[in-house]
Amino acid sequence: MGFNELNGKYRQLRYELEEAYSAPAWNRPRIDRIADELAATERALASILPHEEEHQMPLELS
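Residues numbered from 1 in each chain as written. Predicted model: local features only at pLDDT ≥ 70, side-chain atom pairs only at ≥ 80, totals over all residues. Heavy atoms only, no water.

**Q** Could you clarify how one ought to interpret the overall build of the chain in this entry?
**A** The number of helices and strands found in the chain is two helices and zero strands. Going through the 62 residues of the chain one by one, you find that 23% of them count as buried. Taking the intrachain contacts of the chain between residues at least 6 apart in sequence as the baseline, contacts between residues at least 24 apart amount to 63%. (Helix = DSSP H or I, 4+ residues; strand = E, 2+ residues; numbered from the N terminus. Buried < 20%, exposed > 50% of the residue type's maximum accessible area, 1.4 Å probe, protein only. Contact = heavy atoms within 4.5 Å.)

Here you go:
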């Protein structure tokens, strides 16, 4: 998966996590799954970005 795909997945997971936390009753297994996927996606993004380019290609967090 390339940077753009991973960044899109990251944004989608952030949205899903926000949505899960805003629910009247938290679905803990869902939140845990999303958090695990989010962490894996962050690691994948970090592994494909050279350290010197991190300041030039910021992640879209919103």
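Here the narrative resumes, following the displayed structure.
**Q** Can you help me understand the side chain of Thr41 in this one?
**A** For Thr41, the position within the fold is in helix H2 (residues 28-48). Of note is the side chain of Thr41, whose polar atom sits 2.8 Å from the backbone oxygen of Glu37. (Polar contact = N/O pair within 3.5 Å; in protein donor to acceptor, adjacent residues only side chain to side chain.)

**Q** Please clarify how the pattern of salt bridges should be interpreted in this entry.
**A** Should the charged atoms of two oppositely charged side chains come close, the side chains can pair. A full pass over the atoms with the stated rule returns three salt bridges. Between Glu16 and Arg33 there is a salt bridge, with its nearest N and O atoms 3.8 Å apart. Taken together, the positions of Glu16 in helix H1 (residues 3-22) and Arg33 in helix H2 put the pair 17 residues apart, joining distant regions of the chain. Residue class for Glu16 comes out buried when judged on its relative accessible area of 19%. By relative accessible area, which is 37% here, Arg33 ends up partly exposed. (Salt bridge = Lys/Arg side-chain N within 4 Å of Asp/Glu carboxyl O.)

**Q** Before we go on, may I ask you to explain the nonpolar core in this structure?
**A** Considering soluble globular proteins, one finds that nonpolar side chains tend to be buried as a cluster. Counting eleven residues, the largest nonpolar core is built from Phe3, Leu6, Tyr10, Leu13, Leu17, Ala20, Ile31, Ile34, Leu38, Leu45 and Leu49. For this core, the elements supplying multiple residues, two or more each, are H1 and H2. The element that contributes the greatest number of residues to this core is H1, accounting for six residues. (Core = buried A, V, L, I, M, F, W, Y, C linked by side-chain atoms within 4.5 Å.)

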